[in-house]
Amino acid sequence: MDRDEKRLRRRQRLMANKTYQAMEVLTRYMDRYYLDALIGVIPGWGDVMAVLSAVPFVYFSASVIKSVPLTLAVLNNALRDVLMGMIPFFVGDIIDLFHRSNIQNMQMIRGFVDGDETIIKQVNQRAWQSAIALGVLLLLIALMVWALVSFGSYLYSLVASS
């Protein structure tokens, strides 16, 4: 069995995986039909849905493909999407229309599955960048939550004192 035949069999096996199929469905609804941006209009729920929609991508890249660099790149992309989606006054929802992190994650995973050397090289080069960026993104998300809670408390105190 030659190398291309092995790659084709591996690709078929991975595409038959239920998680892979769930990722395709999520990508279709969340990004292609703009459900991510629509759900984002509901305060808090859009961000929760963005995190939940990233779970199959992280699981697949970490447990099925078993690639640390790919998993870091997928996490980086997903957390960036959450952070941008948290920007208040519908700015984050407008950004979600264009960012489409699920499509980007699917392209990275397909590139790995297909053995696309350009994508594999790109993801491997970004592995350390992604680890640092993930730490920064987690810090920014925590700061954004703190800012939103503080702003909400301030608005509540204004309404309550009236």
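For the structure itself, consult the block above.
Worth saying up front: this structure is predicted, and the values here are computed from it rather than measured. (Residues numbered from 1 in each chain as written. Predicted model: local features only at pLDDT ≥ 70, side-chain atom pairs only at ≥ 80, totals over all residues. Heavy atoms only, no water.)

Asker: Before we move on, can you summarise the pattern of salt bridges with the specific residues and values?
Answerer: This model, assessed by the stated rule, comprises three salt bridges. Between Arg-9 and Glu-5 there is a salt bridge, and its shortest N-O distance comes to 4.0 Å. Of the two residues, Arg-9 and Glu-5 are both situated in helix 1 (residues 3–15); the distance of four residues between them amounts to about one turn of the helix. Judged by its relative accessible area of 38%, Glu-5 is partly exposed. In this structure, the salt-bridge partner of Asp-114 is Arg-11, at a minimum N-O distance of 2.2 Å. Of this pair, Asp-114 sits in helix 7 (residues 101–114) while Arg-11 is found in helix 1, placing the two residues 103 residues apart along the sequence. (Salt bridge = Lys/Arg side-chain N within 4 Å of Asp/Glu carboxyl O. Helix = DSSP H or I, 4+ residues; strand = E, 2+ residues; numbered from the N terminus. Buried < 20%, exposed > 50% of the residue type's maximum accessible area, 1.4 Å probe, protein only.)

Asker: Report on helix 6 (residues 91–99), specifying residues and quantitative values.
Answerer: Those residues of helix 6 that sit buried are Gly-92, Asp-93, Asp-96 and His-99. Looking down the long axis of helix 6, one finds its buried residues gathered within 120° of arc, a one-sided arrangement. Lining the buried residues of helix 6 we find helix 3 (35–40), helix 5 (68–85) and helix 7. Positioned one or two residues after helix 6, Arg-100 has a phi angle of 50°, which is positive. (Arc of directions from axis to C-beta. Contact = heavy atoms within 4.5 Å.)

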